[in-house]
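What the coordinates show
Below are the chains, spelled out letter by letter.
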Amino acid sequence: MIMIGKPRLMEMILLCTAFLFLVCCSGDGDDDDGGDENSTEVAELMDSGKTDLAEQDIDAALDTFAEAISKNSGSEPANYFYGMTRVACIWFGEGENGHPSLVKDILEPLGVDDFDPWEMDDEDLNDAADVSYVIPNAVTTPDGDDLQVWLRDEVLPQVEGAIANFEKVSTDFKEQWTLPVDQESVTSDYGDVIALKSLANLFTASIYLVLSYDMDSLDIQDIVANERTIEWFLDNYPKLLSLNSSATTNLASAKSAVSAAVTDMITAIEWLDQHRDRNYTPLFDIDEDVSSQELDEYVATLQAIKQSLNGSTSVPAAGDLKEDFETIQVNLKVVFDGLDIRSLLPPFDGNTPGELPDPTYGGIFPDGIPE
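About the thresholds
Residues numbered from 1 in each chain as written. Predicted model: local features only at pLDDT ≥ 70, side-chain atom pairs only at ≥ 80, totals over all residues. Heavy atoms only, no water. Salt bridge = Lys/Arg side-chain N within 4 Å of Asp/Glu carboxyl O. Buried < 20%, exposed > 50% of the residue type's maximum accessible area, 1.4 Å probe, protein only. Helix = DSSP H or I, 4+ residues; strand = E, 2+ residues; numbered from the N terminus. Expected span 1.5 Å × (residues − 1). Contact = heavy atoms within 4.5 Å. Patch = residues over 30% accessible without salt bridge, like charges linked within 9 Å, V, L, I, M, F, W, Y side chains within 5 Å. Areas by Shrake-Rupley, 256 points an atom, 1.4 Å probe, with all protein chains shown as cover. Polar contact = N/O pair within 3.5 Å; in protein donor to acceptor, adjacent residues only side chain to side chain. Core = buried A, V, L, I, M, F, W, Y, C linked by side-chain atoms within 4.5 Å. Axes fitted to C-alpha atoms, helices over the stretch in contact; angles between N-to-C directions. Parallel < 35°, antiparallel > 145°, perpendicular 65-115°, else oblique. Left-handed = near helix turned anticlockwise from the far one by under 90°. Nonpolar A, V, L, I, M, F, W, Y, C, P; charged D, E, K, R; others polar.

**What about the pattern of salt bridges?**
Across all of its chains, the model carries nine salt bridges by this definition. Residues D285 and R278 are paired through a salt bridge, measuring 3.1 Å at the closest nitrogen-oxygen approach. Summarising the burial analysis for this pair, D285 and R278 share the class buried.

See below:
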């Protein structure tokens, strides 16, 4: 179960985004699809898919839930599980039947082997992140452009498809299942659906942002194998992180996704707050130490952040951020109008950064960041 407590707002958003890669589920529940003539077949497919999930076979589960959708596109359990497995497959899948897989598509070409996403610990993550170790062992290495193509053509359709699946699940939804990582039994309801939909929109926004900037055919293998400095690769990749030719379209899509994510996050917080007395264990829940008044503060912060998509807005602090400041002026509109990240980078002497050229970060924080 994911408890919503009192982390800093940015930490909460980052943790939620990371969780999107990690969540997956299985279990038993009411698979009644409303009396459709295919209800028995759909129910059997749901049971089969849940068995695959329990056995940590995400690829098989994804195909089975897709078949259930083909039999009854309105089945809420099928849409819920299909939506989650479409995203979970990116991290946990093995790339079967053309499914996008971080392990098969990115990590293995980088030289990472024996990486089991189901058995992660700090050492595994360190090995995966230690590019100075893994890349020299790689036969071929994806460059920056390859990563963008993978995100655009393989990952994005799955994530946006998952959002469409979640939109077909109603407020009356309730489904019991079991997390295959630790075998914890939970019962998902509409609070879980809307929370996951918010996270999927955040993921979508992050992809569109990455697609808006030039990767300049960044040769990762050359940089690591030859121990290039930051100063060197910025000098040798002059277009890196500059806005590309598709930026206008992609930034508009990113802005819409952020707006949808914030709207869903607010709805999820309010729904979870109103349903604290549930007699079952949901996937997402509110920490009992967090009061409704504190949640109202988070909602006010999120509402102001959404408003800042259209121009400079005074955003009130919530949670631990109140120890640093009461309000901060934020203008996210400049990001989605087309912010040249390259121009905001400090000068580098080798790997040592100098002073930032713009304390407002291109106008995102018009008055700067409180110290």
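**Things to note about helix α3 (residues 58–71)**
Over its 14 residues, α3 extends 20 Å from the first C-alpha to the last, a length consistent with the 20 Å expected when each residue adds 1.5 Å. Turning to α3, its buried residues number three or more, namely I58, D59, A60, A61, L62, T64, F65, A68 and I69. As for α3, its buried residues are in contact with α2 (39–54), α4 (76–92) and α8 (144–166).

**Brief notes about a nonpolar patch on the surface**
Nonpolar side chains collect at one region of the surface, where L356, Y361 and I369 lie side by side and expose about 250 Å² of accessible area between them. Within the secondary structure, I369 sits in the segment after β8 (352–353).

**Describing the side chain of S101**
The topology assignment puts S101 in the loop between α4 and α5 (102–107). At 2.8 Å, the side chain of S101 forms a polar contact with the backbone oxygen of G93. Beyond its immediate chain neighbours, meaning those up to four positions away, S101 contacts C89, I90, G93, E94, G95, I106 and W150.

**Comments concerning the nonpolar core**
Counting 87 residues, the largest nonpolar core has Y80, F81, V155, W177, L196, I207 and L332 as the members making the most contacts within it. Ranked by residues supplied to this core, first place goes to helix α9 (residues 190–210) with twelve residues. Excluding anything up to four places from it in sequence, I207 contacts L151, V155, L156 and V159. One finds L218, Y237, L240 and F348 within the second-largest nonpolar core, a separate group that totals seven residues.

**Considering the packing of α3 against α4**
Packing of α3 against α4 brings their axes to within 9 Å, and their N-to-C directions diverge by 150 degrees. Overall, the two elements α3 and α4 adopt an arrangement that is roughly antiparallel. Note on packing geometry: the crossing formed by α3 with α4 is left-handed. Contact with α3, carried on its side by I58, D59, A61, L62, F65, A66, A68 and I69, involves A78, N79, F81, Y82, T85, R86, A88, C89 and F92 of α4 and no other residues of that element. For the contact of α3 with α4, the residue count by class is 13 nonpolar, two polar and two charged.

**Quick notes on the environment of P77**
Position of P77 relative to the elements: it lies in helix α4. The class for P77 is buried, based on a relative accessible area of 6%. Taking the C-alpha atoms as reference, P77 lies 7.1 Å from E175; in sequence the two are 98 residues apart.

**Here we look at unusual backbone geometry**
Phi is positive for Q56, which is not a glycine, with a value near 60 degrees. Position of Q56 among the secondary structure elements: in the loop between α2 and α3. Phi angles above zero are rare outside glycine, and L241 is one such case at about 70 degrees.

**Brief notes about the environment of A162**
In this fold, A162 is placed in helix α8. Accessibility expressed as a relative area gives 0% for A162, which makes it buried. Through-space distance from the C-alpha of A162 to that of G83 is 4.0 Å; in sequence the pair is 79 residues apart.

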